[in-house]
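One-letter residues, chain by chain:
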Amino acid sequence: MAICFLLHIFLLLLLTPTNANLEGDALYALRRAVNDPDNVLQNWDPTLVDPCTWFHVTCDSQNRVTRLDLGNAKLSGNLVPELGKLERLQYLELYMNNLVGSIPAEIGSLKSLVSLDLYHNNLTGTIPPSISKLSNLRFLRLNWNRLTGRVPRELINLANLKIIDVSNNDLCGYIPISGSFSKFTEESFKNNPRLEGPELMGFVRYDAGGCN
């Protein structure tokens, strides 16, 4: 009976994917979704046990991915929802590329994220309210894209947020001024022609104003 039990546990371990495998699969999904003219992702080999030996990937002592450094890498294509599986990711650096499409809502699953740098791309769609779940987030830079819609009011709950830059997009509505947003200047929101300025608490509703 004991031998059968141990054999059962052993088979379960064989059939259960490790965190490293899941994270490797998530990163490889990104590789498949982008064009890489300079072959900066050339050694991203899905047959390896974990992605910690891949270029531009940093891991912790438990072989969990903590950084993805692909700024200014001439990548084009889409972000993928699988990125949300990188549970210990602290730095997502994909700035100054030619990424298109929307920011996946699954980014809100990256509970360890400290820095989200997606500036200078061609991202469209809205800023996902799920970003408000990133309680450790300190740096949020989404400037120089083509994002539309409102600045999600849920973001005022990001108590650790030190820098936000959503300038040079096509955002609309009013700028929240409460919570963590009380310390940010209008410089963080400039060059959004349809953004009507700070909300006036008690006078102008956050959801007032044209924002189609």
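Anything mentioned here points back to the structure above.
Presented here is an overview of the structure given in this document. Remember, it's a predicted structure, so these values are computed and weren't measured experimentally.

### Description of the sheet that holds strand β10 (residues 148-149)
Then step 1. Here 3 strands make up an open sheet; going across it, the order is β10-β12-β13 and the pairing parallel. The two strands at the open ends of the sheet, each matched to only one other strand, are β10 and β13 (194-198).

### Here we look at the sheet that holds strand β11 (residues 163-165)
Then step 1. One open sheet holds the 6 strands; their spatial order is β2-β3-β5-β7-β9-β11, and the pairing between them is mixed. Bordering the open sheet on either side are β2 (57-59) and β11, each of which pairs with just one other strand. With direction set aside, neighbouring strand axes in the sheet form an average angle of 15°.
Then step 2. Relative to strand β5 (residues 91-93), strand β3 (residues 65-69) runs parallel, the two being bridged by 3 bridges. For Leu68, the partnering residue across the bridge sits in β5 and is Leu92.

### A look at the side chain of Asn168
Then step 1. Checked against the element boundaries, Asn168 lands in the loop between β11 and β12 (170-175).
Then step 2. In terms of polar contacts, Asn168 uses its side chain to reach the side chain of Asn191, at 3.0 Å.
Then step 3. When sequence neighbours within four positions are dropped, the list of residues in contact with Asn168 reads Trp144, Asn145, Lys190, Asn191 and Asn192.

Conventions and cut-offs
- Residues numbered from 1 in each chain as written.
- Predicted model: local features only at pLDDT ≥ 70, side-chain atom pairs only at ≥ 80, totals over all residues.
- Heavy atoms only, no water.
- Pairing = 2+ DSSP bridges.
- Helix = DSSP H or I, 4+ residues; strand = E, 2+ residues; numbered from the N terminus.
- Axes fitted to C-alpha atoms, helices over the stretch in contact; angles between N-to-C directions.
- Polar contact = N/O pair within 3.5 Å; in protein donor to acceptor, adjacent residues only side chain to side chain.
- Contact = heavy atoms within 4.5 Å.

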